[in-house]
Amino acid sequence: MDEKYFAKKIEQKWQRKWADSGAFHAEIDENRPKFFQLEMLPYPSGNLHMGHVRNYSAGDALAWYKRLRGFNVLHPFGWDSFGQPAEDAAVKRGVNPREWTEENIILMRGQLERMGFSYDWRRQMAAHRPEYYKFDQWFFLKMYEMGLAYKRQTQVNWCEHDQATLSNEQASGGLCWRCGNPVTKKDLEQWFLRTTAYTDQLLDDMADIADGWPQNVLKRQSDWIGRSEGAFVEFRVSGSEFRVKGDELSLVKVFTTRIDTIYGANAVVIAPEHPVIQAHRASFSTHLIARIDAIIAENLKPKDHEVEIEKDGIDTGLKAVNPFSGEDLPVWVGNYVMMDYGTGAVMSVPAHDERDFEFAKRFDLPIQTVIEPQINADGHGSDEAFTEYGVLVDSGEWTGKTSDVAKREMTAHAAANGFGEAATTYRLRDWGISRQRFWGSPIPIVYCDKCGVVPEKFENLPILLPENAPITGTGESPLAKVPEFYETTCPNCDEPAKRETDTMDTFVDSSWYYFRYTDAANEILPFDPQKAAYWTPVDQYIGGDDHAIMHLIYARFWTKVLRDLGLVKFDEPFKRLLTQGMVVGETFFDDERGKRVYYVPGNVTVTRDAKGKITGVVSTNGKPLKYAIERMSKSKGNGVDPDEMVDIYGADAARLFVMFAAPIENELVWNEAGIEGAVRFLQRVWRLVYKWQEAVSGKQLAVSGQEASASARKLRQKTHQTIKRVGDSFDSLQFNTPVAALMELSNAIGDFGAEPENADENYIFAIREALTSLTLMLTPFAPHTAEELFAMLVGNEEGMLAHGARFPEYNEELAKTDEIEIPVQVNGKLRSRVMASPETPNEELEKMALADEKVREYTDGREIVKVIVVPKRLVNIVIKN
RNA sequence: GCCGAGGUGGCGAAAUUGGUAGACGCACUAGUCUUAGGAACUAGCGUCGAAAGACGUGCGAGUUCGAGUCUCGCCCUCGGCACCA
């Protein structure tokens, strides 16, 4: 053994040993409990960044912990390798997307291996390989059979910058999720997956995972699905001059969650795209048509959400009858009513809805109060809408009833009279998966002049991407320019036909990849249901919370489809989810010429005020700079290269530090200095083992707890207390606190100060227990170092898993301290401390406290009102002042 | 605007869930050893104070023997959503 700790030597040695022995290969074993540890798969950009390192370090720590707890652990890795950047590289540098992607995978896998993550690489999947995307197509055909995949003409979210269509999730906020540019609309024939067939399940099954998922992720998903319960109510369009044939066009159906406010409706407001407009267009004035078209055009413009959109609209001149009151209401077009939510029409109740209130104020429409607060308080003036529940007024036969009751009764009334019904609407839309892109899984559909839209035959899968296609980054799919690809024959009639040239959204790949790990080489099925039944569902999933909505909703949807296909027997794919915070870096830049120029942190001088706040940043040449904390990336000049970290400090130190530096769910501001602390700690442990190695290794030691020296007993206490703390931390997914506990233990081992030469057998036993426990508990954070130390302590070279090593066993008896410090307070203020055995009875503690010299300074001559004794905790003496 | 999370030393953070606030680490200060050290070790390190002690977990109130933790009101920061009827 070297006296000094050489990270590189140890790390290379154990990485080779693990690979050679297949240490992390997982096989089905019915006799052992399984644990499926999964981290979100990365896009193979070619560079590992610290965000990845943080994610995989946490996952690897849990994988190791579970192995040491005796679990059969599946810990796989794969690549989300279809997608935009490969095409960007093709456009910019003329590279072949396939070659570029494969090269990146090799590069990144090398980086991951140098970090020493414990993956079963035999199960590696990559979305862009035909053996994987074949089953994207397989699933598509299954969903087509089930009626879950369909095509329709639609206005899609379109990103002009990326020349790509986007799902609602990807266009949320009106900005492209990838490039951040504004999203516009475009008409296209698109393929959809019917996620809305599962809205209720997606919502209701959250109850099953409520314990294991972060609250805020569940909340965001349920907001996104946006179920709202209310009623449809039909308003008949009146006014003879506008009457048209066909009942459906003379009706405007509105959706409302507040049918109890219907007597306060002052208008029916419809979306500018509403079919009623089309039906009546011929009778509209040119001015009216121009205004409506202007509103449509305005709505299509990208929206800046910082600025509130001003209400706009126009009276169509049409009238609609309120079926409850019989009143004739004007029909308005409003820019705030959206065609794709609810029915595209609302009843406007300005007294009780903020938007309607604003609209009515803008256009001088009447405002009629029909709900009053239940508890008499005439506080609601005319300057705002009263949107709470209350008691109805001026509402016909429902006057005097509460909102709750009225809602129920009025809905029933509408249904009974045929002008309405209870209804639920959702915000969630079907998932548009068509992309006019090359680097994705081709949609297995053929268009035949004779047979129409024909699904491919299963035996023809995979529909292979061509080797080459003219990738320009714009316009229609590159596949539409490759006749060898799109010219085919109809699977139905064998006549010449054309293939679909759209490819699938890459979120399709990540919706089911974790199942593929259970049976990665299957050529017939996406996976063998029996193998999946052993390994899935995923026990622990770890990734960034930027995927809280899109990826996680799609994956949950996909799992429900798998269940309905009979491939799995559960509803939810991920039992537990951990969302880790971003790794961010300090960025220093100047903004001259509108272009950001970045500076490396070392080349700047930072001045701080007395409170530590940064007051100014100056570059070495004296130029004042701007300062920001931003997500790490190479282009921003604040990136850290994991390879460089490994080179300088070692993989173990980098991993240990990234786990220790902050709670996993917090944002982590990368600070290079901290990592040296991790190196120091590993060196300290190394020196301890080096010092004691000879004394403790390979010896049979007889222990007799009774006669053991105080220091030996104390060391065992600390060891067992640490075992408890570290185990509990892992079980509650904390990674920073167990590292602190291990540091404390190593400090304690050092502090006892005995030397191997003069230590007795009991002490050596205690030291061996402490060092072995410390080593085993260190494994999840610093596996290479731990393997090496374990080999030294136990005298084997086969690796701790092959050796059958287990997480140290906690012994409550040994963890008990024989004397504890009991703080003594007088009137809640700490005045003294007394030493006592934890078993000391309360009366005894009270006596000791009252007798304490320091305490008596405060109590002498005062009346003692009472004494509170909390066993093992404290004594508080209450005196009269 | 709505929803969510959070405000603890110079910094990252702990705190057995109502019981010694600041564990552990970074940075810093002094010292030991050393030819040297960006090594190791020792000591110190919330604020004020010579000390005794007082004060101290965003601000203000409250409950309690006792509050970082519970309740109410306010301020601030970060994240998400955004005319969803």
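Residues numbered from 1 in each chain as written. Chains lettered and ligands numbered in written order. Predicted model: local features only at pLDDT ≥ 70, side-chain atom pairs only at ≥ 80, totals over all residues. Heavy atoms only, no water.

Draft legend 1. Main features of the overall build of chain A. Looking only at helices and strands, chain A features 26 helices and 35 strands. Relative to its 881 residues, chain A shows a buried fraction of 53%. Looking at chain A as shown, the accessible area adds up to about 39,800 Å², and 48% of this sits on carbon and sulfur atoms. (Helix = DSSP H or I, 4+ residues; strand = E, 2+ residues; numbered from the N terminus. Buried < 20%, exposed > 50% of the residue type's maximum accessible area, 1.4 Å probe, protein only. Areas by Shrake-Rupley, 256 points an atom, 1.4 Å probe, with all protein chains shown as cover.)

Draft legend 2. Summary view of the sheet that holds strand S6 (residues 164-166). Strands sit in the order S6-S5-S7-S17 across an open sheet of four strands; the sheet is antiparallel. Lying at the two open borders of the sheet, with one neighbouring strand each, are S6 and strand S17 (431-432). With three bridges connecting them, strand S5 (residues 149-159) and S6 associate as antiparallel partners. Counted as the bridge partner of Trp158 is Thr165 from S6. (Pairing = 2+ DSSP bridges.)

Draft legend 3. Quick peek at the pattern of salt bridges. Under the defined criterion, the tally for this structure stands at 47 salt bridges. Notably, a salt bridge pairs Glu467 with Arg98, separated by 3.4 Å at the nearest N-O pair. Residue Glu467 is found in the loop between strand S20 (452-455) and helix H13 (483-486), and its partner Arg98 is found in helix H4 (residues 97-115); the two are separated by 369 residues along the sequence. On the basis of relative accessible area, Glu467 is assigned to the exposed category, the value being 54%. (Salt bridge = Lys/Arg side-chain N within 4 Å of Asp/Glu carboxyl O.)

Draft legend 4. Highlighting the packing of helix H20 (residues 710-731) against helix H22 (residues 761-778). Two numbers describe how H20 lies on H22: the axes approach to 9 Å, and their chain directions differ by 20°. By the angle between their directions, the pair H20 and H22 is classed as roughly parallel. H22 is crossed by H20, and the crossing has left-handed handedness. Taken together, the residues of H22 that come into contact with H20 (itself represented by Ser711, Ala712, Leu715, Arg716, Thr719, His720, Thr722, Ile723 and Val726) are Asn762, Tyr763, Phe765, Ala766, Ile767, Glu769, Ala770, Ser773 and Met777. Tallied by class, the residues present in the contact of H20 with H22 amount to ten nonpolar, six polar and two charged. (Axes fitted to C-alpha atoms, helices over the stretch in contact; angles between N-to-C directions. Parallel < 35°, antiparallel > 145°, perpendicular 65-115°, else oblique. Left-handed = near helix turned anticlockwise from the far one by under 90°. Contact = heavy atoms within 4.5 Å. Nonpolar A, V, L, I, M, F, W, Y, C, P; charged D, E, K, R; others polar.)

Draft legend 5. Expanded view of the nonpolar core. One finds Met50, Trp670, Trp692, Phe735 and Ile749 to be the most contacted residues of the largest nonpolar core, which totals 93 residues. It is helix H19 (residues 674-696) that contributes the most residues to this core, twelve residues altogether. Among residues more than four places away in sequence, those in contact with Ile749 are Leu688, Leu715, Ile767, Ala770, Leu771 and Leu774. Listed in part, the 82 residues of the second largest apolar core include Ala127, Phe485, Leu562 and Leu577. (Core = buried A, V, L, I, M, F, W, Y, C linked by side-chain atoms within 4.5 Å.)

Draft legend 6. Spotlight on the confidence of the model for chain A. Looking at chain A as a whole, its pLDDT mean stands at 87, while 88% of the residues score no less than 70. A low-confidence stretch, residues 376-381 (pLDDT under 50), is modelled with five contacts involving residues beyond four sequence positions or located in other chains. Within the model, pLDDT remains below 50 along residues 609-613, and this stretch shows three contacts once partners closer than five positions in the same chain are excluded. Interface scoring of the predicted complex returns ipTM 0.94; its pTM is 0.91. (pLDDT = per-residue confidence, 0-100.)

Draft legend 7. How the structure looks around the protein's contact with RNA strand B. RNA strand B sits among 53 residues. The nearest are Thr257, Lys311, Arg355, Ala661 and Asn876. Near-protein atoms of RNA strand B (within 4 Å) split between backbone and bases, with sugar and phosphate holding 58%. Every element with two or more residues in the surface near RNA strand B is listed here: helix H8 (215-225), strand S9 (251-256), H19, helix H21 (736-751), strand S32 (820-826), strand S33 (829-836), strand S34 (864-870) and strand S35 (874-879). The greatest single-element share of the surface near RNA strand B, amounting to six residues, is contributed by H21. Looking at the surface near RNA strand B residue by residue, the class counts come to 20 nonpolar, 16 polar and 17 charged. (Near = heavy atom within 4 Å.)

Draft legend 8. Up close: the sheet that holds S35. Ordered in space as S33-S32-S35-S34, the four strands form an open sheet in which the pairing is mixed. At either end of the open sheet lies a strand with only one pairing partner, and these are S33 and S34. With strand direction ignored, the average angle separating the axes of adjacent strands in the sheet is 20°. Bridging between S34 and S35 involves six bridges; their strand directions are antiparallel. Among the inter-strand pairings, Ile868 is bridged to a residue of S35, identified as Asn876. The sheet contacts of helix H25 (residues 842-851) involve S32, S33, S34 and S35, and relative to S34 the element is tilted by about 125°.

Draft legend 9. Region of interest: the environment of Asn181. Inspection of the secondary structure puts Asn181 in the loop between S6 and strand S7 (183-193). Look at Asn181 and you get partly exposed, because its relative accessible area is 28%. For the pair formed by Asn181 and His720, sequence separation is 539 residues and the distance between their alpha carbons is 56 Å.

Draft legend 10. Seen up close, helix H18 (residues 651-660). Taking burial as the measure, the ten residues of H18 include nine buried ones, the bulk of the element. Taken together, the buried positions of H18 are Ala651, Asp652, Ala653, Ala654, Arg655, Leu656, Phe657, Val658 and Met659.

Draft legend 11. Quick peek at unusual backbone geometry. Residue Pro462 follows Leu461 across a cis peptide bond; omega there is -5°. Its location among the elements puts Pro462 in the loop between S20 and H13. The residue after Thr536, namely Pro537, is reached through a cis peptide bond having omega 5°. For Pro537, the location among the structural elements is in the loop between helix H15 (529-535) and strand S24 (538-544). One non-glycine residue, Leu733, lies in the positive phi region at around 60°. Here Leu733 lies in the loop between H20 and H21. Since its relative accessible area comes to 12%, Leu733 is described here as buried.

Draft legend 12. Broad picture of helix H2 (residues 50-68). Taking 1.5 Å of rise per residue, 19 residues should cover 27 Å, and H2 covers 26 Å from first to last C-alpha, within 8% of that figure. Among the 19 residues of H2, 19 are classified as buried, and the element is accordingly described as predominantly covered. Positive phi shows up at Gly70, right after H2, with a value of about 95°. (Expected span 1.5 Å × (residues − 1).)

Draft legend 13. Representation of the packing of aromatic side chains. Evaluated as defined, the whole model comprises 52 aromatic pairs. Seen from their ring centres, Phe515 and Phe570 are 6.3 Å apart, and the 20° between their planes marks the pair as stacked. Highlighted residues: Phe515 in helix H14 (residues 513-516) and Phe570 in the loop between helix H16 (550-564) and strand S25 (574-580), separated in sequence by 55 residues. Exposure class is identical for Phe515 and Phe570. Each is buried. Ring geometry for Phe557 versus Trp558: centroids 6.4 Å apart, planes at 85°, classification edge-to-face. Each of the two residues, Phe557 as well as Trp558, counts as buried. Here the aromatic cluster, defined as three or more aromatic residues joined through ring pairs, consists of Tyr132, Trp138, Phe139, Tyr198, Trp431, Phe458, Phe507, Trp512, Tyr554, Phe557 and Trp558. Here the guanidinium or amino end of Lys17 rests over the ring plane of Trp14, the centre of that ring lying 5.2 Å away. Between Lys311 and the ring centre of Tyr336, over which it is positioned, the NZ or CZ distance is 5.3 Å. (Phe/Tyr/Trp six-rings, centres within 6.5 Å; stacked < 30°, edge-to-face > 60°. Lys NZ or Arg CZ within 6 Å of the ring centre and 35° of its normal.)

Draft legend 14. The pairing of S32, seen in detail. Burial of S32 is extensive: five of the seven residues sit out of reach of the surface. Bridge count for S32 against S33 is seven bridges, and the pairing is antiparallel. When the sheet's bridge partners are listed, Pro823 is paired in S33 with Arg833. The loop that links S32 with its antiparallel partner S33 comprises two residues; one of these, Asn827, has a positive phi angle of about 50°. Of the strand pairs in this sheet, S32 and S35 are connected by three bridges, and their pairing is parallel.

Draft legend 15. Region of interest: the side chain of Gln221. Within the secondary structure layout, Gln221 lies in helix H8. Given a relative accessible area of 0%, Gln221 falls into the buried group. Excluding anything up to four places from it in sequence, Gln221 contacts Met206, Trp213, Ala548, Ile549, Leu552, Ile553 and Arg556.

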